[in-house]
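Residue-level structural notes
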Amino acid sequence: MAGGGGMRKIKMCEINEMITCKICSGYLVDATTIVECLHTFCKSCIVKHLNSDDNNTCPQCDEVIHQSHPLNYIKFDRTMQDIVYKLVPNLEKDEYKRERDFYAEKGVPCPKDVEAETEKDEKLKKEEEEDQTPDTNVNNDYHRLDEQVNLMLEPRENSKMKDIRRKYIRCSSLATITHLKKFIALKCLDSMDRYREIDVTCDGELIPKDHTLKFVYITRWRTKPAPLKLVYSPKIDIDKEVTEKDKKSTKSQAPQWRLQPKLNYDDDDDES
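Small disclaimer: the values here were computed from a predicted structure and weren't measured.

Things to note about the side chain of Ser233
Note that Ser233 resides in strand β8 (residues 228–234). Of the residues examined, Ser233 reaches a relative accessible area of 4% and is grouped as buried. Sequence-distant contacts of Ser233, that is, excluding residues within four places in its chain, are made with Arg156, Ser159, Met161, Glu197, Ile198 and Asp199.

Written out as structure tokens, the structure is:
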């Protein structure tokens, strides 16, 4: 880039050395880099070099790639190949045409065509799976193989929450109290989003939202007959109740201040 902020044009002859193969002196095709020294060559060139006379060194710097398996230490350099294709117009198109013509003469399908068709089929299959919408008439019970827990759901007395029409339910033991709250909110409050307004208790003990039903059953209902009985009620604002209790207790225990009668020190008056 020039100092004045303009773009400086670079001639291809200045960068040809960086994007050409040192074996065939042509532009890199299927650029393959040696792991040890990071020199890059055409794939066909470096493979032919390493297979001839059991060569195991880099043709540019003579660095030993590997004593016995040098082909395991060369890798396709996608970044370099993308740079070459962007810098050299029509190189990718012409090379692909030559490769297809070569395999056509041999009567063998071009590997790149096979790979492209495979990727296309996989992409279409993935799109079809994503576009498929579940049939509303099919019962998609994705947890039918899980361990099941039998529940009985009842509202707390005088809680002003309506009864669930079917209070006996059977669900996965992996379901949490949050899942249960959403179900109750949907049935009783007509909106799943209001599940935070509900508390669930077992034997009078408030159950945390992240407990699974299996954990609740094992820790609180193991010795009792099924089903697991859970009671739901409107959420209790503990902070508000504590604050109101504190106000009441403070008010009831406030000290009663009384005015004391004025003391008359007659002796002091007489002395003065």
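Regarding the sheet that holds strand β3 (residues 74–76)
Read from one edge to the other, the open sheet built from three strands follows the order β2-β1-β3, with strand pairing classed as antiparallel. The open sheet has two edge strands, β2 (40–42) and β3, and neither has a second partner. Pairwise comparison of adjacent strand axes, ignoring direction, gives a mean angle of 35° for this sheet. Sheet topology places strand β1 (residues 31–34) next to β2; three bridges connect them, and they run antiparallel. The partner of Ala31 across the bridge, within β2, is Cys42. Sheet contacts for helix α2 (residues 43–51): β1, β2 and β3; angle to β2, the most-contacted strand, approximately 95°.

Conventions and cut-offs
- Residues numbered from 1 in each chain as written.
- Predicted model: local features only at pLDDT ≥ 70, side-chain atom pairs only at ≥ 80, totals over all residues.
- Heavy atoms only, no water.
- Helix = DSSP H or I, 4+ residues; strand = E, 2+ residues; numbered from the N terminus.
- Buried < 20%, exposed > 50% of the residue type's maximum accessible area, 1.4 Å probe, protein only.
- Contact = heavy atoms within 4.5 Å.
- Pairing = 2+ DSSP bridges.
- Axes fitted to C-alpha atoms, helices over the stretch in contact; angles between N-to-C directions.

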